[in-house]
Every structure is written in structure tokens, then in C-alpha cells.
Amino acid sequence: MMIHSLALPPSDTEVDAWLAVLASAAAVDLPQLPPPSRVEVAGRLCVTPARGRPVLWTAGAGEGTGEGEGVAALLLFTEKGNTHTAFLDVLTVRPEARRRGVGTALWDRVREELLADGRTSVAAMLDLGGPGQAFAEAMGFENVLPMAWYVQDVPAGIASPAGATADGPAQPPATPGYELLTWYGLVPDAWAPAAAAAHAAMEDAPTGDMDERTQTWTPERLHILQQLILDRGGDMITVAAVTPEGEVAAYTEIVLPDPQGTSALQYDTVVVPAHRGHGLGRAVKRHMAAQAAARHPQLRRIATTVADENAPMRAVNEALGYRRERGVGIFQIKL
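Everything numeric in this text was worked out from a predicted model, so none of it was measured. (Residues numbered from 1 in each chain as written. Predicted model: local features only at pLDDT ≥ 70, side-chain atom pairs only at ≥ 80, totals over all residues. Heavy atoms only, no water.)

Asks: Outline the overall build of the chain, supporting the account with residue identities and numerical values.
Replies: Of regular secondary structure, the chain possesses 8 helices and 12 strands. The C-alpha atoms of the chain give 20 Å as radius of gyration, which agrees with the globular expectation for 335 residues (20 Å, within 12%). Expressed as a percentage of contacts within the chain between residues at least 6 apart in sequence, the contacts between residues at least 24 apart total 73%. For the chain, the exposed area adds up to about 15,200 Å²; of that, 52% sits on carbon and sulfur atoms. Charge centroids of the chain, computed over 27 positive and 39 negative side chains, lie 3 Å from each other. (Helix = DSSP H or I, 4+ residues; strand = E, 2+ residues; numbered from the N terminus. Rg over C-alpha atoms; globule rule 2.2 N^0.38 Å. Contact = heavy atoms within 4.5 Å. Areas by Shrake-Rupley, 256 points an atom, 1.4 Å probe, with all protein chains shown as cover. Lys, Arg positive; Asp, Glu negative; His and termini not counted. Charge placed at Lys NZ, Arg CZ, Asp CG, Glu CD.)

Written as C-alpha cells, this is what we have:
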């Protein structure tokens, strides 16, 4: 089995070959989902991640042919406190090439890279019940954070609580004592310190037995990670509930990896502990759905992951119409 390392950034031909592998696998493994977007795939391959050093491999035909049977992408964290671990972002094999040793050959190369770089563990997010879970468990991975994907449908002309639709401005839901602000792209400089402080409230979110350590949020780190989304061709919207004193009491983020696509990813939703119990989580997420639909009328689906043990966020999502779609987990192996 021929395994090839890709130079960074990969060529257009290499991006297309990578996309073909992902699309082939997704059509069989997750036929209910929209196919992978070239904008998103190209962005992730061609724009260097902010948190570490990427390494890419393809398996199959000769190097540079534009053909392949499998792909793997590894992120070696370079941020302080996480240089002992890594994240396996992709290890995918075409359905017709499975059970021929392609995945094992790719994993052997990944493991070789991890050990050579002094890593003691690696994690990956995998759908439960699929070929990825079976393969990972055969290699020795364990599910250290059970989660699930939850999906909210976004109908055309979605209405905000005040009755506005995607064709007109949406009025914020009632949040006495708080103002709802919407930011497109980077959080404004004036609000970045308060937004970073609110992000720190994510430290009480479940992380299971993951080796990866939570990083300290600063305005600079916030902007770097948001800029990465934009540089990769995506769009990002943040809705925040703020106090008259200038504190970000709650926020939610949504990302369209492909702004022309029909799907979005719900990123973090946080309510600062001192402001919990006022319905702010529901308020910011409800307002976000209306704002996102107004900015992207073609949007039809918002997906998010929630840890099984995070009962409060699951309750918020259920109240907003999210439905559980499929199980997923963070799988990890100690090397």
C-alpha cells in the first residue's frame, strides 16, 4: 500500500482527490447529510490551523495522480499544555477500498508520526455504530466523551419571537436587563475582552477523560480562532447578551463553513454562571437562528454536538426544537 505525504498547501488536484474520497465515504456512511463542500474541504486543507501543525497523507495510486483510496489528516497541537497530544481530524477510506488494509496502513503512518514527535495520546471524533468506531476500537481507541449530534431545521422565512422573518430585521426576544448584540465575523475590538472572559465559562463544560487541556481565553486568541474561520472561506455570527456595565453574560456562535451551503454548525453556547436562570441561553440561540436565516436565506439546517452528561444544554436545545440525530464520541488512545 502506497502512502504519500502531501506538501502544504496541497494543489487543486490534490484537494479534488481528497474531496472525492470524503464524498464517496459520506454517500454510504451518512447519506442523510449534505455532501461535503469543496469550499470547506479546501479551506481546512490549505489554511494552516491556529492550534498546531497539520500533517496530511493519501493512500492508493501514485503520487500526484489525483486518485486515492484513503486520506488522513493529523493535527499536532503546538499550544502550551497540549504538546503531548494530538487530534486525528480525518482517517477515511473509500467504501469500495475497505477491508484491504488501507485504513491500517494510514493509521500505521499516523502512529509513526505521533511517536516520532513525542506524542503520548491522540483523539478523534467518531460517529457511533459506524465503520469509524469499529476500526478505531480495533486499534485500541476508547470513547472518553460520549456525545450526540443535534439538529434544528431552519424553514424558509423563519420567524423571530417578535414575528420578523428572514426578509426583514429580527427583533430580539425579551431579555430584561440585557441587550442582545449581533456580530458578523470578528467580535469587535471593544467587546473582545468581555467576550474572551465569557468564553472562560466554558471551562465547566464536560470534557470526559480527554488528554487535551482547556486553553486560557484572551482577546488575541479569540480573534485568531475567528479569523481562521474567515480565512478558510467560512462565515461566523455571534449573538451576545450584554449588561449595561459592558459584561458579556451569554453568547452563542454559528459558523457556515461554506456561506453558500444549506448547513451551519452551532459552535459554543455559554451562559456565565452569575447570569444563569434568566433564559439567556434560549434567548441568544433563538435570536441567532433568526439572524442566520436573514443573512443566509438558503440555510436549512443547524447542527451541534452536546455531551451526554450536559443535561442543561440538552434541555435548552430541546426547547428550541433541536432533535437528536445520531450518537458520536471523542475516542482516544494512549500511545
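Asks: Break down the pairing of strand β5 (residues 121-127) for me, with residues and values.
Replies: When you tally the buried positions in β5, you get 5 out of 7 residues, the bulk of the element. Where β5 lies against strand β12 (residues 323-334), 7 bridges are found, and the strand directions are antiparallel. Residue pairing for β12: Asp 127 is matched across the bridge by Val 328. (Buried < 20%, exposed > 50% of the residue type's maximum accessible area, 1.4 Å probe, protein only. Pairing = 2+ DSSP bridges.)

Asks: Kindly report on the packing of aromatic side chains, identifying the contributing residues and their values.
Replies: Applying the stated rule across the entire model yields 2 aromatic pairs. Ring geometry for Trp 183 against Trp 191: centres 5.8 Å apart, planes inclined by 40 degrees, an arrangement best described as tilted. Trp 183 sits in the buried class, given a relative accessible area of 8%. Sitting over the ring of Trp 217, Arg 221 keeps its end group 4.4 Å from the ring centre. Taking NZ or CZ as reference, Lys 285 lies 4.8 Å from the ring centre of Tyr 322, over its face. (Phe/Tyr/Trp six-rings, centres within 6.5 Å; stacked < 30°, edge-to-face > 60°. Lys NZ or Arg CZ within 6 Å of the ring centre and 35° of its normal.)

Asks: Lay out the confidence of the model for the chain in plain terms, naming residues and giving numbers.
Replies: Looking at the chain as a whole, the pLDDT averages 90, with 91% of positions reaching at least 70. Scored below 50 in pLDDT, residues 159-170 makes 21 contacts in the model with residues more than four places away or belonging to other chains. (pLDDT = per-residue confidence, 0-100.)

Asks: Can you break down the pattern of salt bridges residue by residue, with the values?
Replies: With the rule as written, the count across this model stands at 17 salt bridges. Across the salt bridge formed by Glu 96 and Arg 94, the nearest N and O atoms sit 3.8 Å from each other. Of the residues examined, Glu 96 reaches a relative accessible area of 47% and is grouped as partly exposed. Overlapping salt bridges, with partners in common, bring together Arg 51, Glu 79, Glu 212 and Arg 221 in one network. (Salt bridge = Lys/Arg side-chain N within 4 Å of Asp/Glu carboxyl O.)

Asks: Explain the environment of Ala 195 to me, and be specific about the residues and the numbers.
Replies: Positionally, Ala 195 belongs in helix α5 (residues 192-199). Owing to a relative accessible area of 5%, Ala 195 belongs among the buried residues under this scheme. Separated by 23 residues in sequence, Ala 195 and Thr 218 have C-alpha atoms that sit 8.8 Å apart. In this structure Ala 195 touches Val 187, Leu 222 and Val 248, once residues within four positions along its chain are discounted.

Asks: Which residues make up the side chain of Thr 92, and what values do they have?
Replies: Relative to the helices and strands, Thr 92 resides in strand β4 (residues 86-93). Here Thr 92 falls in the buried class, since its relative accessible area comes to 17%. Setting aside chain neighbours within four positions, we find Thr 92 in contact with Val 21, Leu 22, Ala 25, Glu 69, Gly 70, Val 71 and Leu 106.

Asks: Help me get a handle on the nonpolar core, residues and values and all.
Replies: Within the largest apolar cluster, 26 residues are counted, with the highest numbers of intra-cluster contacts made by Ala 241, Ile 254, Leu 280, Leu 299 and Ile 302. Listing elements by their share of this core, those giving two or more residues are β6 (142-153), β8 (235-242), β9 (248-256), β10 (263-271), α7 (280-295), β11 (301-307) and α8 (311-319). Per-element tally for this core: the top contributor is α7, with 5 residues. Here Ile 254 is in contact with Asp 235, Met 236, Ile 237, Ala 264, Leu 265, Gln 266, Tyr 267, Met 288, Ala 292 and Ile 302, once residues within four sequence places are set aside. Counting 24 residues, the second largest nonpolar core, distinct from the first, contains Leu 76, Val 122, Leu 126 and Phe 141. (Core = buried A, V, L, I, M, F, W, Y, C linked by side-chain atoms within 4.5 Å.)

Asks: Could you give me a rundown of unusual backbone geometry, with the residues and numbers involved?
Replies: Between Leu 8 and the following residue, Pro 9, the backbone shows a cis peptide bond with an omega angle of -5 degrees. Within the fold, Pro 9 resides in the loop between β1 (3-5) and α1 (12-29). If you check the backbone angles, Arg 99 has positive phi at about 65 degrees while not being a glycine. Note that Arg 99 resides in the loop between β4 and α3 (102-116).

Asks: Describe the pairing of strand β2 (residues 52-59), and please don't skip the residues or the numbers.
Replies: The buried count for β2 comes to 7 of 8 residues, which makes it a mostly enclosed element. Relative to β2, β1 runs antiparallel, the two sharing 3 bridges. Bridge pairing links Ile 3 to Ala 59 in β2. When β2 meets strand β3 (residues 70-77), the two strands line up antiparallel, connected through 8 bridges. Pairing of Leu 56 across the sheet is with Ala 73, part of β3.

Asks: Give me the lowdown on the environment of Ser 11, citing residues and values where you can.
Replies: Its location among the elements puts Ser 11 in the loop between β1 and α1. Sequence separation of Ser 11 and Ala 42 is 31 residues, and the distance between their C-alpha atoms is 9.6 Å.

Asks: Help me get a handle on the side chain of Thr 58, residues and values and all.
Replies: Position of Thr 58 relative to the elements: it lies in strand β2. Beyond its immediate sequence surroundings of up to four residues, Thr 58 is in contact with Met 2, Ile 3, His 4, Leu 6, Trp 18, Gly 70, Val 71 and Leu 106.

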